[in-house]
Amino acid sequence: RVCLFMMSLFTLSKRAASSIVNGTIEKSLIVNAEATQRTLIWMHGLGDTPHGFADIFSHIAPASMRIVLLQAPTQPVTINGGMRMPSWYDIKDFTRTNEDSSGIIESAMGINKAIDMEIDRMKSNIDNGDHEQCKDPAFASTNVFVGGFSQGGAMAVYC
């Protein structure tokens, strides 16, 4: 039983790992890297990494959708006693009166860079086949989606 269980785990991890590659943005991961017509850019929550969502997306994402899992910078988070962890911005307290505006803006700049890179990548891979809508220059920018979980979701709304 143990051997069969280990083989099942190996097979599952092998299947998931085969569709996940390192991205060009530092510490990012890409699921379905070969997909060319739609992209979801996803940001994880406070203290997490792209690896926290890679396995999930490798199983639920349609093969036609490229998933770019971005990595937040590691920095001290005041609300957690100054512990260094992946965070899109510092959380200083539970009020909205003391937000880390500069951290939010800095992370947004990196996320927007990732969005621009995906739009450029899609434009360079436009399908020259029978799909007329793919020839429209606006096609790429209307097929890049942004989302996230928790703090990453807040960044997705901000961007």
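(A) Examining the packing of aromatic side chains more closely. For the coordinates displayed, the defined rule picks out 4 aromatic pairs. Between phenylalanine 53 and phenylalanine 57, the ring centres sit 6.4 Å apart and the planes meet at 35°, which makes this aromatic pair tilted. With a gap of 4 residues between them, phenylalanine 53 and phenylalanine 57 both fall in helix H2 (residues 51-60), about one helical turn apart. Among the residues examined, phenylalanine 53 registers a relative accessible area of 12% and is labelled buried.

(B) Layout of helix H3 (residues 101-124). Relative to the 34 Å expected for 24 residues at 1.5 Å per residue, H3 spans 35 Å between its end C-alpha atoms, a close match to the ideal helical length. Those residues of H3 that fall on the buried side of the exposure criterion are Gly103, Ile104, Ser107, Ala108, Ile111, Ala114, Ile115, Glu118, Ile119, Arg121 and Met122. Those residues of H3 that are buried lie in contact with strand S3 (38-43), strand S4 (65-70), strand S7 (144-148) and helix H4 (151-158).

(C) Local environment of the environment of isoleucine 104. Structurally, isoleucine 104 can be placed in helix H3. You can call isoleucine 104 buried: its relative accessible area is 13%. For the pair isoleucine 104 and tyrosine 89, spaced 15 residues apart in the sequence, the C-alpha separation amounts to 5.4 Å. The contacts of isoleucine 104, once residues within four sequence positions are left out, are Tyr89, Met155 and Tyr158.

Rules behind the numbers
- Residues numbered from 1 in each chain as written.
- Predicted model: local features only at pLDDT ≥ 70, side-chain atom pairs only at ≥ 80, totals over all residues.
- Heavy atoms only, no water.
- Phe/Tyr/Trp six-rings, centres within 6.5 Å; stacked < 30°, edge-to-face > 60°.
- Helix = DSSP H or I, 4+ residues; strand = E, 2+ residues; numbered from the N terminus.
- Buried < 20%, exposed > 50% of the residue type's maximum accessible area, 1.4 Å probe, protein only.
- Expected span 1.5 Å × (residues − 1).
- Contact = heavy atoms within 4.5 Å.

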